[in-house]
Amino acid sequence: MAMMEPSMVTRKDSGVDFIVLGGGIAGMRAAIELAKGGRVLVLTKDDLYESSTEYAQGGIAAALSEDDEVTLHLHDTLIAGDGLCREEAVRVLVEEGPQQIHQLIDWGMHFDQNGTKLAFTREGAHSRSRILHAHGDSTGSEILRALMAKARTISSIQLQPHTFATDLMVENGRVCGVHYLDDKTSSSRYIPAGAVLLATGGLGHVYKETTNPSVACGDGMAMGYRAGALLSDMEFVQFHPTALFVKGAPRFLLSEALRGEGAQLRNLLLERFMPRYHEAAELAPRDVVARAIIMEIQRTRAEFVYLDLTAMDPEHVKKRFPRIFATCMKYNIDITADLVPIRPAAHYSMGGVATDLQGATSLPGLFAAGEVASTGVHGANRLASNSLLEGLVFGARSATAMLKKHVPLPFPSPKPNPRAECTATATPQPTDPQKAVDEARSILWQKVAIIRDGKNLSEAVKRLGEFALPDTSTPSRQTLEARNILTVAPLIARCALAREESRGAHYRSDFPLKKESKHPQHSYISKNSLPFFE
Ligand code: FAD
Ligand code: SIN
């Protein structure tokens, strides 16, 4: 969707109070809050609406139904996180979530209703029906519409699409602005700011197969890393179990809400297999379902399994999931009558730039919220529909902290290691950036995906370490994204190799058990440090 905004920043030297990198749920929620304290500039690298938020389907979780309680939402989130959630962060999420949703409704958000009451659906590992949704399966798009409409009523917010942030400006150890690519001249410019919020979303495109839109290249994580920020839990990547598998087509998401409302998984022999893997069958945690699918694919020597909606009322399916129905019809698949070929795809990053509960990172002047951040709220495996909620709650909290010039407590100290720089710089190879990116994505998909082991991870670390970063002296979006993907890919592989246990989305066939400990450890990595645990 192309959209021109009335006010554009053109001069490199006109500073603003706050820069927000990203116009998804976290960035827009933060911008609205930040506008209370000064001029806010929101940069997005593509059209304003091109973000994971825009494509979010299933919904947003909050304990708002009559039979629900925040303590149940807390409990379900902690169980899904497999012992690695920061409980205080989860408390913030589930306690502040409901009021943030009421605020959204006050700003004009329309959730689906049953009569006069909000309608709730069920998704995997939730003990209650607590997922609010909009237009059936277009929840994210309706949330973004409401946030953009609110932001457009605030004159101190400037929205600047098609502006690729390339790097953070750091002076005397403090982040004080952003370098960006001027699309027209292909030259680099900069904007000074009092504080910067990273709200750049996830990293799905570091993998060959992903549900994410093409903007999700891990840019914020790469920028934070280059500037010296601490990253945490990068090995924890969530694979959504059910992405449409049609050769040559993007891996379109088939919402977990389909299974919440009765869809079943069948292998190529048409056996329903999930009850063999987990008592909650199709509604087991995502990591369990994704692994079960991979095992069935291997067992039946197939490329996919089926999602079966044929026992559901066809009229209900069409009305409740109109976007999914229409998209599958484009591939001549009628989800009410046909078995739908699916397999897992990279979907969500639990790790990211480490933050405290106020969104502050280890670099003064830099905050992070939404998928780019690692608050510890999701632990080793995110509970379905908790990430839109995280964007709202922590977007608002980060903004409040930026307004108050919040100073965090010290973060874990990186273990200095001069040889730790894990992206290759020593022997640059004359590599075509696109070829290097294609190979890196394949390596991650084959060796650092759903079932991992030391041999494959070591090979991935070695090969990814051999890639030269592309020359960005005459930058283009393609080379800048390539640089970011080639920066982030080895971080995932290195942290996955370092974690010698299986926990949540990180499954190692050579270490199939969880390390039992009262205080499971988070992984950390930074520019000058090998992965370490604390
Ligand atoms: P995003 O919404 O991804 O926004 C990122 C923004 O950063 C974009 O505006 C982008 O242009 C900008 N950006 C990135 N890099 C740069 C750069 N270098 N310079 C300038 N701008 C940049 N979660 C749920 O809770 N419920 C769901 O139902 C759900 N469904 C999903 C369905 C799909 C298909 C996908 C992909 C994800 C889904 N998720 C869902 C996950 C959820 O949508 C995301 O985690 C969440 O929307 C992330 O929000 P965000 O604000 O952090 O980032
Ligand atoms: C989905 O609709 O299955 C996506 C929900 C999520 O990622 O939380």
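Residues numbered from 1 in each chain as written. Chains lettered and ligands numbered in written order. Predicted model: local features only at pLDDT ≥ 70, side-chain atom pairs only at ≥ 80, totals over all residues. Heavy atoms only, no water.

### Structural notes on the nonpolar core
Then, number 1: Grouped together as the largest cluster of nonpolar side chains are 62 residues, with contacts concentrated most on L21, L168, Y207 and I492.
Then, number 2: The dominant element in this core, judged by the number of residues it contributes, is helix α15 (residues 477–498), at 10 residues.
Then, number 3: Excluding its chain neighbours within four sequence positions, the residues that come into contact with Y207 are V237, F239, A346, R441, L444, W445, V448, A449, R452 and I492.
Then, number 4: Counting residues in hydrophobic clusters, the runner-up holds 55 residues, among them V20, M28, L144 and A151. (Core = buried A, V, L, I, M, F, W, Y, C linked by side-chain atoms within 4.5 Å. Buried < 20%, exposed > 50% of the residue type's maximum accessible area, 1.4 Å probe, protein only. Helix = DSSP H or I, 4+ residues; strand = E, 2+ residues; numbered from the N terminus. Contact = heavy atoms within 4.5 Å.)

### Some remarks on the site of ligand 1
Then, number 1: Taken together, the neighbourhood of ligand 1 is formed by 37 residues, with T53, G59, E371, S387 and L388 sitting nearest.
Then, number 2: Here an oxygen atom of ligand 1 sits 2.5 Å away from a polar atom, N or O, in the side chain of T53.
Then, number 3: At 2.9 Å from a nitrogen atom of ligand 1 is found a side-chain nitrogen or oxygen belonging to D219.
Then, number 4: Burial of ligand 1 by the protein amounts to 98% of the accessible area it has alone, namely 1,000 Å².
Then, number 5: Contributing elements (two or more residues each) for the shell around ligand 1: α1 (25–34), α2 (52–55), β9 (164–171), α6 (219–227), β16 (340–349) and α12 (386–403). (Near = heavy atom within 4 Å. Polar contact = N/O pair within 3.5 Å; in protein donor to acceptor, adjacent residues only side chain to side chain. Areas by Shrake-Rupley, 256 points an atom, 1.4 Å probe, with all protein chains shown as cover.)

### Here we look at the environment of E500
Then, number 1: With respect to the secondary-structure elements, E500 resides in the loop between α15 and β20 (523–526).
Then, number 2: On the accessibility criterion, E500 (39% relative accessible area) is partly exposed.
Then, number 3: Separated by 139 residues in sequence, E500 and T361 place their C-alpha atoms 27 Å apart.
Then, number 4: Ignoring any residue separated from it by four or fewer positions in sequence, one finds E500 in contact with R508, F511 and K515.

### Re the pairing of β9
Then, number 1: With respect to burial, β9 is a largely interior element, six of its eight residues being buried.
Then, number 2: Relative to strand β10 (residues 174–182), β9 runs antiparallel, the two sharing seven bridges. Bridge assignment links M169 to a residue of β10, and that residue is G177.
Then, number 3: Counting the residues that bridge the hairpin from β9 to β10 gives two residues, and of these N172 lies at a positive phi of roughly 50°. (Pairing = 2+ DSSP bridges.)

### Looking at the side chain of R286
Then, number 1: Take R286: it is sitting in helix α9 (residues 286–299).
Then, number 2: Within polar-contact distance, the side chain of R286 engages the side chain of E256 at 2.5 Å.
Then, number 3: Those residues in contact with R286 that sit more than four places away from it in its chain are Q238, F239, H240, P241, E256, H347, N381, R382 and A384.

### Some remarks on the pattern of salt bridges
Then, number 1: A complete count under the given rule lists 41 salt bridges for this structure.
Then, number 2: Notably, a salt bridge pairs R477 with D46, separated by 2.9 Å at the nearest N-O pair. One end of the pair, R477, is in helix α15; the other, D46, is in the loop between β2 (40–43) and α2, and 431 residues separate them in sequence.
Then, number 3: The partly exposed category is assigned to R477, whose relative accessible area is 26%.
Then, number 4: Among the ionic pairs, E282 bridges to R272, the shortest N-O distance being 2.6 Å. With E282 in the loop between α8 (274–277) and α9 and R272 in the loop between β14 (264–266) and α8, the pair connects residues that are 10 residues apart, well separated along the chain.
Then, number 5: For R272, a relative accessible area of 36% corresponds to the partly exposed category.
Then, number 6: Taken together, the shared-partner salt bridges in this structure form one network comprising K45, D46, D219, R477 and E481. (Salt bridge = Lys/Arg side-chain N within 4 Å of Asp/Glu carboxyl O.)

### Some words on the confidence of the model for the chain
Then, number 1: Overall, the predicted model of the chain reaches an average pLDDT of 93, with 95% of residues at or above 70.
Then, number 2: Taken together, the stretch residues 1–11 has pLDDT below 50 and engages in 23 contacts with residues farther than four places along the chain or on a different chain. (pLDDT = per-residue confidence, 0-100.)

### With respect to the packing of helix α13 (residues 433–447) against helix α14 (residues 454–466)
Then, number 1: Closest axis-to-axis distance for the α13/α14 pair is 10 Å, and the angle between their directions is 170°. Between α13 and α14, the angle falls in the class roughly antiparallel. On α14, the residues that touch E439, A440, I443, L444 and K447 of α13 are N456, L457, E459, A460, R463 and L464.
Then, number 2: Residue classes in the contact of α13 with α14 are distributed as six nonpolar, one polar and four charged. (Axes fitted to C-alpha atoms, helices over the stretch in contact; angles between N-to-C directions. Parallel < 35°, antiparallel > 145°, perpendicular 65-115°, else oblique. Nonpolar A, V, L, I, M, F, W, Y, C, P; charged D, E, K, R; others polar.)

### Some remarks on the side chain of D82
Then, number 1: When you line up the elements, D82 lands in the loop between α3 (70–80) and α4 (87–106).
Then, number 2: A polar contact is formed between the side chain of D82 and the side chain of K514, at a distance of 2.6 Å.
Then, number 3: If sequence neighbours within four positions are ignored, D82 has contacts with A380, R503, G504 and K514.

### As for the packing of α1 against helix α5 (residues 139–151)
The description of two packed helices rests on the angle between their axes and on the distance between the axes.
Then, number 1: The contact between α1 and α5 brings their axes to 10 Å, and the two run at 25°. Viewed along their axes, α1 and α5 adopt a mutual orientation that is roughly parallel. As α1 packs across α5, the resulting crossing turns out to be left-handed. Residues I25, M28, R29 and I32 of α1 form the contact with α5, whose own contacting residues are I143, L144, L147, M148, K150 and A151.
Then, number 2: In terms of residue class, the contact of α1 with α5 is built from eight nonpolar, no polar and two charged. (Left-handed = near helix turned anticlockwise from the far one by under 90°.)

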